[in-house]
Amino acid sequence: MQLAERVLLQHEVEQFLYAEAALLDARRYRDWLGLLADDIHYWMPIRRTVTVGDLDMEFTKPGAMAYFDDDRQLLEMRVKKLEASTAWSENPPSRSRHLVTNVRIAGVEGDEVTVEACFHLYRTRLNSEVDGWVGRRIDVLRRAGDSFRLARRHIFLDQTVILATNMSTLF
Amino acid sequence: MPDGERANGSWSRASLMSLFDRERGVLDRRVLSDESLYRLELERIFARGWNFMCHESQLPNTGDYLVNYIGEDQVIVVRDESGRINVLLNTCRHRGNALCRAEQGRAKSFVCTYHGWNYGLDGRLIGVPGLKTYYRDDLDLERHGLVKAAQVDSHLGFVFATMAADAPPLSDYLGDVGLAGLGMVGAFGEVEVIDGIQKNVIDCNWKIAVDNLFDWYHVTYSHASANSSGFTEIARFLQPNQQMVMLGEYGHAISGPAMPKARQDQIDGLSDEQRVEMAKTLPGNIVRIRPKAAAGLMGAEGVRSLGHPNIFPNLWITLGGLQMCLRLPRGPSSTELWWYTVVPKNASPEFRRQAIRFCNHAFGPAGLFEQDDGENWSQSTRAARGVSSGAIGHHLGMGVGRDRVTVSATGERFIETCINEHAQRWLYRSWTEWMAARDWAELRANHSPAPTAAV
């Protein structure tokens, strides 16, 4: 790929991720759903504190337990829940800020771009609760017209025990 | 030392017993926030009772270990060369350093990272740097092994430990209700824990999490959004007028929906194969009908329960035995929740997949049910610990004095009624008895037998 192409792709990818983050932060969850491919896999395995010799078991594997292991149907349920005034963990709603950074294009295959990025999801709710989740995401963005659809999001948190009352926000 | 003059508080037997009014079902809210009561709980409940450690399937090989807790004391749970599972306090006998700082792993021995003391998988001290040169051989290794739990035992592969040498044997401690609770998990045959324990911290008192598991009153309201989002249909499993409660010695209980007796009689006439076929016709992909053998594990009445057992103090069993949740105390206003998913080893790949899918999305911090529990429990702790709010009695009076315990021909005790708070009252009543007893002898002598009449 020529430098000019790479710079353009980098720009497109970053703009997509920033726009997506802005939708979540603006609580425009239904619009966010519109960015997802029908076959999306949205997954956050469980991470564990292990010794250097046991790093092969640091994350749970696909098919085992996870914090998120969602297809489109489950993400739609999460959005319906966020929209319901009876989701007590989000009413009053959390305030979130998704900081997406260190965006690197890891591969391009056909119409799919694999993107690695770091994130800091700052979530505060009520008057005194503050949660911060930092981690790495591996996304697969699939070309759709002049934009992308999110076809895969694998989220690797840096926390092991989740130091929060819940994770009612989307990553 | 006279009773009530302990270093960690000035709670006399009478003052502890008065914290829960069992006749009216009113709890003193200090029970949910007071620091000195919390310290006393660590001593008189967690260090004294049998605590859930793991399921044997989590430690298949020699040297496999995980770290768990007895109260706030860390313990290493490890399988040694002889195949035995040991429970060892995770503190070096030298200067107290933690031997294991990982949550789980594989070890040949446990070497302290401070000065290099080395312990075997059975806790024996097997190496001390400078033993000859610096200690001049003047250190008795035999007497400096890791401190072991006083008793370790298992039922259906579930391993428990207690720090109390005078605690009753595990099967006596569990009694019929505790055994029925674990039987709910083992009813479908030998099980294994799926890899990955979901863990998070909720800013609530641990007992708020425990009393909630008996609470089928909150389900409709607290979890309204799990229903409206399409994740579950609460009306399908709640059965508000078909509830069964079993109360067991030392605070164990089971509470929730139950199979009507007439329907269970029909099921009892079916073979295991017919039951499997029948389950396929029921809504939901993870609904199971217990096989014949289940009655042996849960009792002829207990086998009807579709509710929630709690093994006192802090092990919840749910989803008909597919999940277990440990509620670990982290201070009067903080609790760590650990979620285990447990499936039969012989389950079909499809059942296994469906079970994991449901379990991953029901509970845990991102669970469509539990997100809202965390919010309610933390605010119930916070909003009830002020000077004025803390002085209000906590209301647990639903159905008090309105029901009767039925005693079956085989001696099983159960209450059949509508949604109620019997098990919550039993929890706090038992809690006062545990707290007021200075040792196991006193607890044995003074704890309430399981009720057999009006409740």
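Note that the structure is a prediction, hence the values are computed from the model and not measured.

Within chain A one finds three helices and six strands. Along chain A, from the amino end to the carboxyl end, the secondary structure elements read α-α-β-β-α-β-β-β-β. Against the globule reference of 16 Å for 171 residues, chain A gives a C-alpha radius of gyration of 17 Å, in line with a compact fold. Dimensions along the principal axes, computed over C-alpha positions, put chain A at roughly 50 × 45 × 30 Å. Counting over 171 residues, chain A shows a buried share of 32%. Long-range pairs, those at least 24 residues apart, make up 58% of the contacts in chain A with a sequence separation of at least 6.

What follows concerns the environment of Gly132 of chain A. All names here are of chain A. Inspection of the secondary structure assignment puts Gly132 in strand 5 (residues 129-144). Counting along the chain gives 27 residues from Gly132 to Gln159, while the straight-line C-alpha distance between them is 9.6 Å. Aside from chain neighbours lying at most four places away, what touches Gly132 is His120 and Tyr122.

Okay, the sheet that holds strand 2 (residues 26-28) of chain B next. Residue and element names in this part refer to chain B. In spatial order, the strands read 1-2-21; together these three strands make up an open sheet with antiparallel pairing. Looking at which strands have only one partner, the edges of the open sheet turn out to be strand 1 (20-21) and strand 21 (393-395). Relative to strand 21, strand 2 runs antiparallel, the two being bridged by three bridges. Across the sheet, the residue bridging to Asp28 is Gly393, located in strand 21.

This part covers the interface of chain A and chain B. With 31 residues of chain A at the interface, the matching set in chain B holds 37 residues. Put simply, the parts of the chain that give the side of chain A that touches chain B at least two residues each are strand 2 (66-70) and helix 3 (72-83) of chain A. In terms of residue class, the side of chain A that touches chain B is built from 17 nonpolar, nine polar and five charged.

What follows deals with the confidence of the model for chain B. Residues and elements named next belong to chain B. Of all residues in chain B, 98% have pLDDT values of 70 or greater, and the mean over the chain is 96. Across residues 1-8 the pLDDT falls below 50, and counting only partners more than four positions away or on other chains, this stretch makes eleven contacts in the model. Interface confidence for the predicted complex, expressed as ipTM, amounts to 0.96; the pTM equals 0.97.

With that settled, consider the sheet that holds strand 8 (residues 110-111) of chain B. Residue and element names in this part refer to chain B. If you walk across this open sheet you meet the three strands as 8-9-10, and the pairing is antiparallel. The open sheet terminates on both sides in strands that have one partner only, identified here as strand 8 and strand 10 (125-127). Judged from the two bridges that link them, strand 8 and strand 9 (residues 118-119) form a sheet pairing that is antiparallel. Looking across to strand 9, one finds that Phe110 is bridged to Tyr119.

Residue and element names in this part refer to chain B. Core analysis: the biggest nonpolar cluster contains 147 residues, and Val75, Ile76, Val77, Val245, Met246 and Ala253 have the highest contact counts within it. In terms of residues, this core owes the most to one element, helix 3 (residues 170-186), which gives nine residues. A domain-level breakdown of this core finds at least three residues from each of domain 1 (51-154) and domain 2 (175-446). Leave out the neighbours within four places in its chain, and Ile76 touches Tyr65, Val67, Leu88, Asn90, Leu99, Cys100 and Phe110.

Criteria and thresholds
Residues numbered from 1 in each chain as written. Chains lettered and ligands numbered in written order. Predicted model: local features only at pLDDT ≥ 70, side-chain atom pairs only at ≥ 80, totals over all residues. Helix = DSSP H or I, 4+ residues; strand = E, 2+ residues; numbered from the N terminus. Rg over C-alpha atoms; globule rule 2.2 N^0.38 Å. Buried ≥ 20, exposed ≤ 12 C-beta atoms within 10 Å, placed from the backbone. Contact = placed C-beta atoms within 7 Å. Pairing = 2+ DSSP bridges. Nonpolar A, V, L, I, M, F, W, Y, C, P; charged D, E, K, R; others polar. pLDDT = per-residue confidence, 0-100. Core = buried A, V, L, I, M, F, W, Y, C linked by C-beta atoms within 7 Å. Domains from an automatic or database assignment.

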